[in-house]
Amino acid sequence: QVQLVESGGGLVQAGGSLRLSCAASGRTFSSSAMGWFRQAPGKEREFVASIDWNGGWTVYEDSVKGRFTISRDKAKMTVYLEMNSLKPEDTAVYYCAVSYRYFSTARISTMYDYWGQGTQVTVSS
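Now for a description of the structure that goes with this document. (Residues numbered from 1 in each chain as written. Predicted model: local features only at pLDDT ≥ 70, side-chain atom pairs only at ≥ 80, totals over all residues. Heavy atoms only, no water.)

### Some words on the state of the cysteines
Per the stated rule, a full pass over the model turns up 1 disulfide. Disulfide pairing is shown between Cys22 and Cys96; the S-S distance is 1.9 Å. With the S-S dihedral at roughly 50 degrees, the linkage between Cys22 and Cys96 falls on the right-handed side. In this pair, Cys22 is assigned in strand 3 (residues 18-25) and Cys96 in strand 9 (residues 92-99), connecting sequence segments 74 residues apart. An identical accessibility class is assigned to Cys22 and Cys96; each is buried. (Disulfide = S-S within 2.5 Å. Helix = DSSP H or I, 4+ residues; strand = E, 2+ residues; numbered from the N terminus. Buried < 20%, exposed > 50% of the residue type's maximum accessible area, 1.4 Å probe, protein only.)

As structure tokens, this is what we get:
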């Protein structure tokens, strides 16, 4: 069974930085697309970033471009989300996900097969 465990969330002031990690276990994800999504209170889950199977291609939601960076370490079976210049509107629960059906980047939640439990990110103004 695949398990994804996020960590690194917390409370940070606007303009600050956080680095989220998502450790996978139970099945290799070396040929899988990985993604980060987020869900703010009262809102639908939205796409944040995705990385292809080899780490050579990334895509981002427009509002995080230039501030967030997704990366992966295949040997550690971990995907990261480096978040800089954080804004109050970035406040949400952040989820990582893995797709065993797609090896390139994937923006749509239904393209993913397994999800983590989420980690809270709160940005104060």
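### Here's the deal with the pattern of salt bridges
Counting across every chain of the model gives 6 salt bridges. Across the salt bridge formed by Asp62 and Lys65, the nearest N and O atoms sit 3.1 Å from each other. The class for Lys65 is partly exposed, based on a relative accessible area of 48%. Here the salt bridges share partners, and the residues they tie into one network are Arg38, Glu46, Arg67 and Asp90. (Salt bridge = Lys/Arg side-chain N within 4 Å of Asp/Glu carboxyl O.)

### Regarding the packing of aromatic side chains
A complete count under the given rule lists 5 aromatic pairs for this structure. Both rings, one in Phe37 and one in Tyr112, keep their centres 5.4 Å apart while their planes meet at 80 degrees; by these two values the pair is edge-to-face. Taken together, the residues Phe37 in strand 4 (residues 33-39) and Tyr112 in the loop between strand 9 and strand 10 (114-115) connect sequence positions 75 residues apart. A network of ring pairs unites the aromatic residues Phe37, Phe47, Tyr112 and Trp115 as a single cluster. One Lys or Arg, Arg19, reaches over the ring of Tyr80 and ends 4.0 Å from the middle of that ring. The residue whose ring lies beneath Arg45 is Trp115, and the NZ or CZ to ring-centre distance is 4.7 Å. (Phe/Tyr/Trp six-rings, centres within 6.5 Å; stacked < 30°, edge-to-face > 60°. Lys NZ or Arg CZ within 6 Å of the ring centre and 35° of its normal.)

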